[in-house]
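Coordinates in review
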Amino acid sequence: MTSVTHDESAYVPAAEVEEPELYHPKTFIGKYIWSQDAKVIAVQYAITAIGIGLVALVLSGIMRLQLGFPHVFSFITPNNYLQFVTMHGMIMVIYLLTALFLGGFGNYLIPLMVGARDMVFPYVNMVSYWVYLFAVLLLVASFFVPGGPTGAGWTLYPPQAILDGTPGHNWGIILMCVSLAFFIIGFTMGGLNYVVTVLQARTRGMTMMRLPLTVWGIFMATVLALLAFPALFVSAIMMTLDQALGTSFFMPALVSKGQHLAYNGGSPVLFQHLFWFFGHPEVYIVALPAFGMVSDLIATHARKNIFGYRMMVWAILAIGGLSFIVWAHHMYVSGMNPYFGFFFATTTLIIAIPTALKVYNWVLTLWRGNIHLTVPMLFAIGFVFTFINGGLTGLFLGNVPVDLPLSDTMFVVAHFHMVMAVSPILVVFGAIYHWYPKITGRMLNDTLGKFHFWFTFLGTYAIYYPMHYLGILGVPRRYYAVTGTDFIPQSAHSLNEGITIAALIVGAVQIVFLYNLVWSYFKGKPAGGNPWRATTLEWQTPETPPKHGNFGATLPVVYRWAYDYSVPGAAEDFIPQNQPPSKKAKGLEQTLDAGELGAQTRGAMGTPKPLGSS
Amino acid sequence: MAIAVGWLLRQTLNTKPWIEQRTVSHVDGEGALPLPSVKVGLGVFLAVATSLFSLLVSAYFMRKMGADWSKLSVPRVLWLNTGLLLASGIAMQWTRAAARRGQIDGVRSGLIAGGVFSFSFLAGQLWAWQQLNASGYFVTADPATAFFYLLTALHGLHLLGGLWVWGRTTAKVWRGVDVGAVRMSVELCTVYWHYLFLVWLVLFALLLST
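Let me sum up the structure you'll find in this document. These figures come from a predicted structure and were not determined experimentally. Positions within a chain are numbered from 1, following the residues in the order the chain's sequence is written. Chain letters and ligand numbers both follow the written order, the letters beginning at A and the numbers at 1. Local features in this predicted model are restricted to residues of pLDDT 70 or higher, and side-chain atom pairs are both shown and tallied only at a pLDDT of 80 or more, whereas totals for entire chains, interfaces and linings draw on every residue. For the side-chain quantities, the full set of heavy atoms in the structure was used; hydrogens and water were omitted.

Considerations on the overall build of chain A
Helix and strand assignments follow DSSP, with helices taken as H or I runs no shorter than four residues and strands as E runs no shorter than two, numbered in order from the N terminus. Assigned secondary structure in chain A consists of 17 helices and two strands. The size measure is the radius of gyration over C-alpha atoms, and the globule rule it meets is 2.2 Å times the number of residues to the 0.38 power. Compactness check: chain A gives a C-alpha radius of gyration of 25 Å against a globular reference of 25 Å for 614 residues, within 12% of the reference. Taken along the three principal axes of its C-alpha coordinates, chain A extends 90 × 50 × 50 Å. Burial analysis of chain A (614 residues in total) assigns 62% to the buried set. Exposure classes here rest on a 1.4 Å probe applied to the protein chains alone. A residue is buried below 20% of its type maximum, exposed above 50%, and partly exposed in between.

Written out as structure tokens, the structure is:
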């Protein structure tokens, strides 16, 4: 960090870059409904995802009521319970997390962070959102059809998914599969945009290795999603055909309720391979954007450059590549050749290496940093803790002999909730607290934010830590009630009650968060252009919130990487990416308020005003 | 895949972003591919489609291990259809050459020929469905037949997507726009048609041989 050059020749105005033709909305509807502006589409995605996510949150509350106090609530029948479990899982993984990280944050942050005016295919981007909304509506519709939504579990394993003992085996499963197919079509439209925008629309000077890690994370997650979602698409279509037309892709010959069914010779394991070929990359589709964002949150709020940037990028690429060759570790109990299991156990454990590198680098970035315990930083540190906890139990479950007895117990539920539910959602919260000022121009309330953080963070530990013990005791997952079972002691039932109380508190606390989002939109403290004094391009826009086109008259030019925090000898503890390496620019910085400079001079012009002109 | 990895290596190895502060004269060539964005977009889409069809082929082989597998009685009309799809690809290639030379008349007739061959191919596929059905093999008859309907349907839907772009391009040519305004669409269509022909060859070979 000591080789900062002070090159006077650097002071050259930016050459005019060819301007893409922007879409110019004229009416309210054109601006906010049928919008082609990635930032508006991002907010549409986010609101839809959070809305359907709240449904899934309520469902999980009902499930916990049943688990904590079985036989008390008459409105929860065994069928309903299975349906709530299924819909909770599917909504949270696909319709909330995937849509929010890629459709929400991806749309908002990619063009701003790479210095582009918009996505490269804005029209396709708009259609992507509307197809996503249609998929969500189909999903919601399945609550209102005869038989209700499918109760097959979020993995939708055949044959039980379409046998008539399973709730929603008629309409429910078909609507689920069709909704997934539409989700994938919509996502592919958006995903093409994210990938091509990162590859082709970077502004001058923004090399791949100068991209903020947020963009790297979203980029790689999108690549994974584009290649993995076709597996889910194929399985959803085949499942629909098996259900609706009576083909036998997945359905073996079987006797159900004394009746020989017409199915013959299909392979349920084929479905499992297809599903998990999608399902495991899906974990990283959710995790990689979270990894990227948390890197930026930690660097910004610890006022330190990210430790091992190049290693972080390569870890993201390695995790992405490896995630395609570990899928069968979800199928150890499906019966497989032991060598096959050995191979997948090995690849699974290898993936711990790049993941651990990332964790070390986050901790080393915090090490002796100038840590500001802002709300985004609290969530980021909470993420690191939770991710380590969830990751360690992953080492248990990755091994075949340890996985076999723990399979389908609460231990698995605790593991994946820690690692791919709580961890990413903590990053989502941190990211919302971090970027909300840019999106709305106002800060979120700090006190409410800290309240939200501590209750959510400690509350999720109160929920999921004890669940590991339940799993080791052998308490199975997805069971409506386990009362009257000898091997489950009374203490386990008391623990279940405690978990339920914690879960209801954590669920209720989210109301504070929603209230904060709405209240701050109207009454929050004005944020200014760059409240966190961050280096990346989205904070250097001339207006906050950024107008359509993002960067005013001229696109910014990038001169440095995204992590010039606390550079020795620099006047400020951050140097924006678009500030040229020049003594004059540094002199100017001392005389002007940094926020004002960031908002007006650098952002608007791409290069600072000449000395003395202010 | 190898190209993508090689490109990434060139982008990322031996760069030290934390000490480099390249100035304006050096910031050109940020590493964007030397291609128009729409071509990159098509390339990414073809990667997605390749993933889709590879997974279908893998599923086909896994399902084929089942005891109830029997070979598909391939309708003879598929040979004709293969020829039609090849002809439509050749017509597209010819259109592309005409577009490069700037001959709008050549583009117009080439597009029409390509469209006619493509629609004939789709009609031929439907005819093959009809023939199979008439000889007692509907989608539920046996797994190979089910795969036949599934594979041809998905392949046909991809071709329909291409025909939508073809339709827009042809409409533009009809309204009398400049060749330059449609050259890119014609190039993209040509690449896409060749790709779909290759996919069809793989699927057809699969259906014939197993």
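Some words on the overall build of chain B
Counting its regular elements, chain B contains six helices and zero strands. The secondary structure elements of chain B, listed N-terminal to C-terminal, are α-α-α-α-α-α. A buried classification covers 48% of the 210 residues belonging to chain B. Considering only contacts in chain B between residues 6 or more positions apart, those separated by 24 or more positions represent 81%. In short, Shrake-Rupley with a 1.4 Å probe defines the accessible areas, and a residue's cover is counted only from the protein chains shown. Within the structure as shown, chain B displays about 10000 Å² of accessible surface, and the carbon and sulfur contribution to it stands at 68%. Residues count as neighbours in contact if any of their non-hydrogen atoms are within 4.5 Å of one another.

Quick word on the environment of Ile 501 of chain A
Residues and elements named next belong to chain A. Inspection of the secondary structure puts Ile 501 in helix α15 (residues 490–523). Judged by relative accessible area, which is 47%, Ile 501 ranks as partly exposed. Linking Ile 501 and Arg 64, residues 437 residues apart in sequence, is a C-alpha distance of 8.5 Å.

Focus on the nonpolar core
Definition used in this section: a nonpolar core is a set of buried Ala, Val, Leu, Ile, Met, Phe, Trp, Tyr and Cys residues joined via side-chain atoms within 4.5 Å. With 250 residues, the main nonpolar core has Tyr 95, Phe 105 and Trp 216 of chain A as its most contacted residues. With 23 residues, helix α3 (residues 78–114) of chain A is the largest single contributor of residues to this core.

Things to note about a nonpolar patch on the surface
Residues and elements named next belong to chain A. Patch building starts from residues that exceed 30% relative accessible area and form no salt bridge, then joins like charges within 9 Å and nonpolar side chains (Val, Leu, Ile, Met, Phe, Trp, Tyr) within 5 Å. Salt bridges are identified by distance alone: a Lys or Arg side-chain nitrogen within 4 Å of an Asp or Glu carboxyl oxygen. Together, Phe 307, Met 311, Ile 350, Ile 353, Leu 357, Tyr 360, Leu 364 and Trp 367 line one region of the surface with nonpolar side chains, adding up to about 800 Å² of accessible area. Considering every element that reaches the nonpolar patch, the biggest residue donor is helix α10 (residues 352–366), with four residues. Along the chain, Met 311 turns up in helix α8 (residues 309–322). Residue class for Met 311 comes out partly exposed when judged on its relative accessible area of 34%.

Quick look at the environment of Asp 118 of chain A
All names here are of chain A. Considering the arrangement of structural elements, one finds Asp 118 in the loop between α3 and α4 (122–141). Judged by relative accessible area, which is 6%, Asp 118 ranks as buried. Asp 118 sits 82 residues away from Gln 36 along the chain, and the two C-alpha atoms are 8.8 Å apart. Within 3.5 Å is the distance limit for a polar contact, defined as a pair of N or O atoms, with the added protein rule that one can donate a hydrogen and the other accept it, and that residues adjacent in sequence qualify only through two side-chain atoms. A distance of 3.2 Å separates a polar side-chain atom of Asp 118 from the backbone nitrogen of Ala 38.

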